[in-house]
Amino acid sequence: MFKSKTIRSGGNAKTIKGDKFGEYETAIMYLAPAAQSLLGNVCPMAATAGCEMGCLSKAGRAGMFNSIVEARIAKTRRYFRDRRQFMADLVKDIEAFVRYCQRKGVKPAVRLNGTSDIQWEVAHPCYRRIETSDPAQLNPACFLSIFHAFPEVQFYDYTKVYKRAYRKLPANYSLTLSYSEANPAYRDAVLLAALDTETNIAVVYRSKHVRDAVAGCGKVDSFGHSSGERLAREVIDGDETDMRFTDPRGVIVGLYAKGPAKKDTSGFVVG
Ligand code: SF4
């Protein structure tokens with residue numbers, strides 16, 4: 001288990017399982033979702049996609065302990081109040097996580113949007129002290145993003161901000177789109193982004209039973225765009241592991257509803 005001010009590993013059943021070969025360990029950042037911090041919105045598409053009520057932020061321990069919710073709100077406020085310091089803390093914590101993974105003999109993976117949907121590839125530069133040709137000297141260097149500062153780390157996230165799928169992302173950042181039928185305009189836009197860019201799309205099914213009826217063994221599911229265009233793809237079991245960057249390209253990542261999402265009627269959960 002790794003714990004720091006901004007990220008932690010070992011608290012999520014899916015990431016504890018790691019990838020199929022136990023090669024990676026994932027550290028996740030948990031913020032207060034949407035506008036819960038009252039200082040800004042870290043999930044710009046949450047209202048449109050109708051996912052706030054069924055948000056995974058309320059599943060697991062965070063659904064039980066107020067102290068966890070309060071800690072996430074405090075962290076999110078730090079993010080809004082002093083972005084530069086927040087990024088400096090994040091750099092320090094990822095450096096520590098990389099060292100922790102080296103000691104454990106595993107590769108580091110980081111998911112920054114555990115319970116948020118921030119566009120980290122845009123307007124989030126950071127500084128990191130890097131080694132120069134003189135091993136005794138460390139120079140601070142400014143990087144365009146946290147992904148550029150840590151090429152040795154594999155980053156990944158789920159997103160409802162579908163325009164991100166059209167961006168040229170750094171090679172070490174993998175994004176999976178997140179489906180919702182709560183709003184026809186959102187549904188159409190996210191399906192189009194998946195079709196246009198071949199980006200994988202995660203679908204939350206009503207139950208494990210419903211998900212298992214379509215996942216695995218090359219089974220295909222299909223979702224419709226109002227223009228008549230359909231996204232028909234093989235469904236993989238997305239709960240077996242959280243390592244989305246190891247998924248084949250052009251699939252539906254089938255998840256099943258957990259926590260409050262089980263009662264979702266917005267269209268975020270299907271089936
Ligand atoms: S499901 Fe994702 S985008 Fe929606 S509120 Fe939760 S963290 Fe934000």
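Residues numbered from 1 in each chain as written. Predicted model: local features only at pLDDT ≥ 70, side-chain atom pairs only at ≥ 80, totals over all residues.

Colleague: What is the right way to read the overall build of the protein chain from this model?
Modeller: The helix and strand tally for the protein chain stands at seven helices and 13 strands. Here the C-alpha radius of gyration of the protein chain, 19 Å, is about what a compact globule of 271 residues would show, namely 18 Å. A principal-axis box enclosing the C-alpha atoms of the protein chain has dimensions of 60 × 40 × 30 Å. The buried share of the protein chain, reckoned over its 271 residues, is 39%. Long-range contacts, defined here as pairs at least 24 residues apart, represent 62% of the contacts in the protein chain between residues at least 6 apart. (Helix = DSSP H or I, 4+ residues; strand = E, 2+ residues; numbered from the N terminus. Rg over C-alpha atoms; globule rule 2.2 N^0.38 Å. Buried ≥ 20, exposed ≤ 12 C-beta atoms within 10 Å, placed from the backbone. Contact = placed C-beta atoms within 7 Å.)

Colleague: Hey, could you run me through the nonpolar core in this one?
Modeller: Across soluble globular proteins, you tend to see nonpolar side chains buried next to one another. Ranked by internal contacts, the top residues of the largest apolar core, which has 62 residues, are Val-110, Leu-177, Val-190, Ile-201 and Val-204. A per-element tally of this core places helix 4 (residues 83-104) first, with six residues. For Ile-201, the residues in contact, after removing those within four places along its chain, are Thr-176, Leu-177, Tyr-179, Val-190, Ala-194, Ile-252 and Val-253. (Core = buried A, V, L, I, M, F, W, Y, C linked by C-beta atoms within 7 Å.)

Colleague: Can you help me understand the site of the ligand in this one?
Modeller: Taken together, 12 residues surround the ligand, and among them Pro-33, Cys-43, Ala-46, Cys-51 and Cys-55 come closest. In terms of residue class, the shell around the ligand is made up of six nonpolar, three polar and three charged. (Near = placed C-beta within 6 Å. Nonpolar A, V, L, I, M, F, W, Y, C, P; charged D, E, K, R; others polar.)

Colleague: What is the right way to read the pairing of strand 4 (residues 107-111) from this model?
Modeller: Looking down a regular strand, the side chains alternate between one sheet face and the other. Of all five residues that make up strand 4, four are buried, and the element is covered over most of its length. With five bridges connecting them, strand 3 (residues 24-28) and strand 4 associate as parallel partners. In the sheet register, Tyr-24 faces strand 4, and the bridge partner there is Lys-107. Bridge count between strand 4 and strand 7 (residues 154-159): two bridges; the pairing is parallel. Within strand 7, the position partnered with Val-110 by the bridge is Phe-155. (Pairing = 2+ DSSP bridges.)

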